[in-house]
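Here is how the chains run, residue by residue.
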Amino acid sequence: DEEDWANSWKKHYSPQFVGEKLCVLPYWLPVEQARDRLPVILDPGLTFGTGSHPSTQMCLAALEVHLVPGSRVVDLGSGSGVLSIAALRLGAACAVGVDIDPKAEDMARENGAYNGMTAPQFQAFTGDVAGDPTALTALLGTGGPFDLALINIVAGVILALTPLLSRLLRPGGTVICSGILDSRLEE
């Protein structure tokens, strides 16, 4: 039978229950499907961060444990904004996501809007903070230094961002990172 293949996959997409408190929910499902969990509503489209990848789920579970309500959060390599949105659902005062892909910025803002989150509480922008000092300065201008940094990306990028953490985080700040393959763990 002829079928709308561009949209038929949606009927097989289910909520992602993560940790003890969160449910990552595609925007077309009713929020009641999150049950008694905090909904993180997303368009699981073109950018990384649908809530189904193990590295994302590990970050979300760690976020539940380590986020102090009222924290200022930075999400480096934010993709869809899933981690920033979850941080706000869990009680962060504000969250800023940055990604090198301009499509990620647009998608993160759209996903923020699905959750009723806009600037200044939720911000997203495009920039290479590891390679461009003006991008780092712009990021710090959005509300840094931050209490918590989220980095869910490949090891090479995590290593490039590590020297910047002392500028991005307040003293005693926390880093949650994921995406490191076992073969790169020692680095």
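Being a predicted model, the structure only gives us computed values, none of them experimental.

## Regarding the sheet that holds strand β7 (residues 146–152)
(1) Moving on: The strand order across the open sheet built from five strands is β6-β5-β4-β7-β8, with neighbouring strands paired in parallel fashion. Only two strands of the sheet have a single partner each, and these edge strands are β6 (122–126) and β8 (169–178). Adjacent strand axes in the sheet meet at a mean angle of 20 degrees when their direction is disregarded.
(2) Moving on: As paired elements, strand β5 (residues 94–99) and β6 share five bridges and run parallel to each other. Residue pairing for β6: Asp-99 is matched across the bridge by Thr-126.
(3) Moving on: Relative to the sheet, helix α2 (residues 54–66) contacts β7 and β8, its axis offset from that of β8 by approximately 145 degrees.
(4) Moving on: Seen against the sheet, helix α3 (residues 82–89) touches β4 (72–76), β5, β6 and β7 and runs at an angle of roughly 175 degrees to β5.

## A few points about the packing of α2 against α3
(1) Moving on: Relative orientation of the contacting elements α2 and α3 amounts to 20 degrees, with a least axis distance of 10 Å. Looking at the two axes, α2 sits roughly parallel to α3. Relative to α3, the crossing made by α2 is right-handed. Contacts between α2 and α3 involve Thr-56, Cys-59, Leu-60 and Leu-63 from the former and Val-82, Leu-83, Ala-86 and Ala-87 from the latter.
(2) Moving on: In terms of residue class, the contact of α2 with α3 is built from seven nonpolar, one polar and no charged.

## Concerning the layout of surface pockets
(1) Moving on: Within this model, the second largest pocket holds a volume of roughly 190 Å³.
(2) Moving on: If you go around the second largest pocket, the residues you meet are Leu-76, Gly-77, Val-98, Asp-99, Ile-100, Gly-127, Asp-128, Val-129, Ala-130, Ile-153, Val-157 and Leu-161.
(3) Moving on: Mapped by element, the contributors of at least two residues to the lining of the second largest pocket are β5 and α6 (155–161).
(4) Moving on: Its residues assigned to classes, the lining of the second largest pocket shows eight nonpolar, two polar and two charged.

## Topic: the pattern of salt bridges
(1) Moving on: Following the criterion strictly, the structure yields three salt bridges and no others.
(2) Moving on: Ionic pairing is found between Arg-109 and Glu-105, a salt bridge with its closest N-O pair at 2.6 Å. Of this pair, Arg-109 and Glu-105 both sit in helix α4 (residues 102–114), four residues apart, roughly one helical turn.
(3) Moving on: Residue Arg-109 is classed as partly exposed on the basis of its relative accessible area, which comes to 43%.
(4) Moving on: Here Arg-184 ties to Glu-187 by a salt bridge, and the two come within 2.6 Å at their closest N and O atoms.

What counts and how
Residues numbered from 1 in each chain as written. Predicted model: local features only at pLDDT ≥ 70, side-chain atom pairs only at ≥ 80, totals over all residues. Heavy atoms only, no water. Pairing = 2+ DSSP bridges. Helix = DSSP H or I, 4+ residues; strand = E, 2+ residues; numbered from the N terminus. Axes fitted to C-alpha atoms, helices over the stretch in contact; angles between N-to-C directions. Contact = heavy atoms within 4.5 Å. Parallel < 35°, antiparallel > 145°, perpendicular 65-115°, else oblique. Left-handed = near helix turned anticlockwise from the far one by under 90°. Nonpolar A, V, L, I, M, F, W, Y, C, P; charged D, E, K, R; others polar. 1 Å grid on protein atoms, 1.4 Å probe; cavity = no way out; pocket = protein on both sides within 12 Å on 5 of 7 lines; lining within 4 Å. Points joined across faces, edges and corners; volume = space filled by probe spheres on them. Salt bridge = Lys/Arg side-chain N within 4 Å of Asp/Glu carboxyl O. Buried < 20%, exposed > 50% of the residue type's maximum accessible area, 1.4 Å probe, protein only.

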